[in-house]
Amino acid sequence: MTETSPPIPLRGIIGEPRKGKIGVLVEEHFDMTEFRLFNELFPKHGYQVVYLSHLWGNPALTFGSNPDAGWVEEHVLVETEIAAADPSDYKGIIIIGAYASDRLRYQVTPRKGEPNQAPAVVFIRRALAASHLKIGTICHSLWLLCADRALLQGRQVTCAHNIVCDVENAGAEVIYGPEGTVDLVIDGNLITGKHPGITDQFITTFLTEIEKGD
């Protein structure tokens, strides 16, 4: 029986910040298509990609992608603690899709009547409050914003068909077309995409919105 070495994770700081940094919130079970295209296209356009997560007191943690082909192909080593991060250090913030967004909203001790205090939710709350800062989601990643109804109330968005009920119950207006939810919606500083199949289009739009603001 041949033993295989564990995969070497990609360090979660990619490219040089010639035009600035794009922060990507990540956890276990992230979308592999988005991950690969973020890492390729943002640095190509002059933006450093920085992966952020709650590290639970560790100096770094490694997270794996969804096992789309029956095994976990992609791993990222995250060294940036989201609880210590400042949204103003970034040109834009993206929440990666898939089940990672649900894991990011976990809080150890929820209390009745108090808004979600998970570090990622606290961070995205601050980021959304900065009207000049672009925030992006694709597919399932609006799950993170569903953790606090105040983050989605009255916002126009799109998302994966799987989570339409969650998003609408959180107060958002989901925009529909002939084939279900539309591909992209821009509502102020919030840019939402339907699914990983439109990641290229999402990145192009996200960059346009960032550079329009500049």
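In this report, we go over the structure that sits alongside the text. All figures in this text were calculated on a predicted structure; none of them were measured in a lab. (Residues numbered from 1 in each chain as written. Predicted model: local features only at pLDDT ≥ 70, side-chain atom pairs only at ≥ 80, totals over all residues. Heavy atoms only, no water.)

## What about the overall build of the protein?
The line we're drawing: Put simply, DSSP H or I for four residues or longer makes a helix, DSSP E for two residues or longer makes a strand, and each gets a number counted from the N terminus. Computation of the radius of gyration draws on C-alpha atoms, with the globule rule given as 2.2 Å multiplied by the number of residues to the power 0.38. Throughout, a residue-residue contact means that at least one pair of heavy atoms, one from each residue, lies within 4.5 Å. To be clear on the numbers: accessible area is Shrake-Rupley with a 1.4 Å probe, and residue cover counts the displayed protein chains and nothing else. Neither His nor the chain ends is counted toward charge; the positive residues are Lys and Arg and the negative residues Asp and Glu. To locate a charge, take atom NZ for lysine, CZ for arginine, CG for aspartate or CD for glutamate.
Along its length, the protein carries six helices and 15 strands. Its C-alpha radius of gyration of 17 Å places the protein within 12% of the 17 Å reference for a compact globule of 214 residues. Principal-axis analysis of the C-alpha atoms places the extent of the protein at approximately 55 × 40 × 35 Å. For the protein, the share of sequence-separated contacts (at least 6 apart) that also reach a separation of at least 24 residues comes to 69%. Of the roughly 10100 Å² of accessible surface on the protein, 51% is carried by carbon and sulfur atoms. Both charge centroids of the protein, one from 18 positive and one from 27 negative side chains, sit 6 Å from each other.

## Considering the nonpolar core
In plain terms, the rule: To qualify as a nonpolar core, a set must consist of buried Ala, Val, Leu, Ile, Met, Phe, Trp, Tyr and Cys residues joined through side-chain atoms within 4.5 Å. Exposure is judged per residue with a 1.4 Å probe applied to protein chains only, and the accessible area is read against the type maximum: over 50% gives exposed, under 20% gives buried, and values in between give partly exposed.
Leu25, Ile93, Ile124, Leu144, Leu145, Leu152 and Val167 are the most contacted members of the largest nonpolar core, which totals 35 residues. Elements with a contribution of two residues or more to this core: β4 (47-53), β8 (92-95), α3 (119-129), α4 (149-152) and α5 (164-169). Sort the elements by how many residues they give to this core and α3 lands first, with six residues. Within the second largest apolar cluster, 30 residues are counted, among which are Ile22, Val49, Leu55 and Leu207.

## Some words on the pairing of strand β15 (residues 190-193)
Strand residues, when the strand is regular, have side chains that alternate between the two faces of the sheet. Spelled out, the test is: Strand pairing follows a simple DSSP-based rule, namely that at least 2 bridges must link the two strands.
Side chains of β15 alternate between two faces, with Leu190 and Thr192 and Ile191 and Gly193 buried alike. Strand direction decides the pairing type here: strand β14 (residues 184-187) and β15, joined by four bridges, are antiparallel. For Leu184, the partnering residue across the bridge sits in β15 and is Gly193. What sits between the antiparallel neighbours β14 and β15 is a turn of two residues, in which Gly188 has the positive phi angle 65 degrees.

## Some remarks on the side chain of Ser101
For the record, the criterion: Counting of polar contacts relies on pairs of N or O atoms within 3.5 Å, with two restrictions inside protein: one atom must be capable of donating a hydrogen and the other of accepting it, and residues adjacent in sequence are counted only when both atoms are side-chain atoms.
When you line up the elements, Ser101 lands in helix α2 (residues 100-104). The exposure class of Ser101 is buried, given its relative accessible area of 0%. Here the side chain of Ser101 touches His140 through a polar contact of 3.0 Å, landing on its backbone oxygen. Residues within four places of Ser101 in sequence aside, it is in contact with Ile95, Ile96, His140, Ser141, Trp143 and Leu144.

## Concerning the packing of aromatic side chains
The criterion, for reference: Aromatic pairing here means that ring centres of Phe, Tyr or Trp (its six-membered ring) are within 6.5 Å. Orientation follows from the plane angle: under 30 degrees is stacked, over 60 is edge-to-face, and everything else is tilted. As a reminder, the over-ring test applies to NZ of lysine and CZ of arginine, requiring each to be within 6 Å of the ring centre and within 35 degrees of the ring normal.
Counting across every chain of the model gives seven aromatic pairs. Seen in terms of ring centroids, Tyr99 and Trp143 are 6.4 Å apart; in terms of plane orientation they differ by 80 degrees. Their pairing is edge-to-face. Separated by 44 residues along the polypeptide, Tyr99 in the loop between β8 and α2 and Trp143 in the loop between β9 (134-138) and α4 bring together distant segments of the chain. Residue Tyr99 is classed as partly exposed on the basis of its relative accessible area of 40%. Between the NZ or CZ atom of Lys21 and the centre of the ring of Tyr90, over which it lies, the distance is 5.0 Å.

Function cannot be read off these values alone, since they describe shape.
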